[in-house]
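# What the coordinates show
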Amino acid sequence: MLEKYKYPLEYELDPTEIEKGSNWITLKLKNIGTATLDNLDVQLHSMDTYNLSVFGSWWSGAGQLIANLGPNEEHELVFRVNSIGSADVYVTIRGSKAGINFWWESSWTSLHVSDAKAYLESLLVLSNPYTTIGRTISAEATIKGLRQGTGLRLEFWVETPSGKNEQQAAIDIKDLPVGEKSRYTAEFTPKETGRYSVYAYLYDEWKRIDYKVNHIYAQKQ
């Protein structure tokens, strides 16, 4: 069984630890359905194009074609990526099944640069998707240590519905054990109605090495 599952496919990206510069990423796909999948346009996408860009392979672009994939059949595709830092990636597939077009999209997979000291595992806004003006909200970022080192800094920013970006907190991370996870929080209070975008940025000295974003909506009481 491959690493991840979303019907009608099992899938896996390998490796998930990469070097800075050019890397080759293999996508393994297995049809676990009962019908043949035809004309599959398979693409790999980066959630952080600053840190990681997808170039496909030497012989094709970022999109690659699988003519057909029968039940229980497996297929491997190779994508070339260029990285200066860690990033989340995901796969999209357009194709047909029994003559009917379909769209398939994977969950995110994290690709980590081998010399990175840490990465942002998640960013949660500790509230329902909808909140009210004047109610204080907490945002929680989880960071996992990868290598021993100092100089990490975490910043929380909020973009308001009117487009203003406001820094909520800047945290110097002095000790993050290798393999351990630490959680950091910041609070903000919505003052206008609409969508708020909450950002967590992780820096190594001055270099931004990872980020996450979440959203929340504020309405009148």
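Residues numbered from 1 in each chain as written. Predicted model: local features only at pLDDT ≥ 70, side-chain atom pairs only at ≥ 80, totals over all residues. Heavy atoms only, no water.

Evaluation of the coordinates by the stated rule reveals five aromatic pairs. Between the aromatic rings of tyrosine 199 and tyrosine 201, the centroid separation amounts to 5.8 Å while the plane-to-plane angle is 5°, which identifies the pairing as stacked. When its relative accessible area of 18% is taken as the criterion, tyrosine 199 is described as buried. Pairwise contacts between aromatic rings join Tyr199, Tyr201 and Tyr211 into one cluster. Above the plane of the ring of tyrosine 203 lies arginine 153, whose end atom (NZ or CZ) is 4.5 Å from the centre. (Phe/Tyr/Trp six-rings, centres within 6.5 Å; stacked < 30°, edge-to-face > 60°. Buried < 20%, exposed > 50% of the residue type's maximum accessible area, 1.4 Å probe, protein only. Lys NZ or Arg CZ within 6 Å of the ring centre and 35° of its normal.)

This part takes up the nonpolar core. Counting 26 residues, the largest nonpolar core has Leu27, Leu29, Leu40, Val42, Leu44, Leu52 and Ile93 as the members making the most contacts within it. Grouped together as the second largest cluster of nonpolar side chains are 25 residues, Val125, Ala139, Ile173 and Ile216 included. (Core = buried A, V, L, I, M, F, W, Y, C linked by side-chain atoms within 4.5 Å.)

Scanning the entire structure with this criterion turns up ten salt bridges. Across the pair glutamate 166 and lysine 164 runs a salt bridge whose closest N-O atoms are separated by 3.7 Å. (Salt bridge = Lys/Arg side-chain N within 4 Å of Asp/Glu carboxyl O.)

To continue, consider the environment of glutamate 205. Mapping glutamate 205 onto the fold places it in the loop between strand 18 (194-204) and strand 19 (207-219). Residues glutamate 205 and histidine 215, spaced ten residues apart in sequence, show a C-alpha to C-alpha distance of 27 Å. Contact partners of glutamate 205, with chain neighbours within four places excluded, come to Thr150, Gly151 and Arg153. (Helix = DSSP H or I, 4+ residues; strand = E, 2+ residues; numbered from the N terminus. Contact = heavy atoms within 4.5 Å.)

Another aspect to go through is the sheet that holds strand 19. Here five strands make up an open sheet; going across it, the order is 13-19-18-15-16 and the pairing mixed. In the strand order of this sheet, the two ends are held by strand 13 (130-132) and strand 16 (165-173), each with one partner. The mean inter-strand angle of the sheet, taken between neighbouring strand axes irrespective of direction, is 30°. Across three bridges, strand 13 lies against strand 19 in parallel orientation. Following the sheet pairing, threonine 131 is matched in strand 19 by alanine 218. (Pairing = 2+ DSSP bridges. Axes fitted to C-alpha atoms, helices over the stretch in contact; angles between N-to-C directions.)

With that out of the way, let us pick up the pairing of strand 10 (residues 100-105). Bridge analysis of strand 9 (residues 87-97) against strand 10 gives six bridges, and the strand direction is antiparallel. Bridge pairing links lysine 97 to isoleucine 100 in strand 10. The loop that links strand 9 with its antiparallel partner strand 10 comprises two residues; one of these, alanine 98, has a positive phi angle of about 55°.

A word on the side chain of arginine 208. Assignment of secondary structure puts arginine 208 in strand 19. Among the polar contacts made by the side chain of arginine 208, one reaches the side chain of aspartate 48 at a distance of 2.5 Å. In contact with arginine 208, not counting residues within four places along its chain, are Asp48, Tyr50, Asn51, Tyr201, Leu202 and Tyr203. (Polar contact = N/O pair within 3.5 Å; in protein donor to acceptor, adjacent residues only side chain to side chain.)

With that settled, consider the sheet that holds strand 12 (residues 118-125). With respect to topology, three strands assemble into an open sheet ordered 12-14-17, the strand pairing being antiparallel. Two strands bound the open sheet, and with one partner strand each, they are strand 12 and strand 17 (181-188). Each neighbouring strand pair of the sheet contributes to a mean axis angle of 20°, computed without reference to strand direction. Where strand 12 meets strand 14 (residues 137-145), seven bridges bridge the pair, whose relative direction is antiparallel. Following the sheet pairing, alanine 118 is matched in strand 14 by glycine 145.

One can find lysine 6 in strand 1 (residues 4-6). Along the chain, lysine 6 and arginine 80 lie 74 residues apart, while their C-alpha atoms are 24 Å from each other. Residues contacting lysine 6, with those up to four places away along its chain left out, are Tyr11, Trp104 and Glu105. There is a polar contact of 2.6 Å between the side chain of lysine 6 and the backbone oxygen of glutamate 105.

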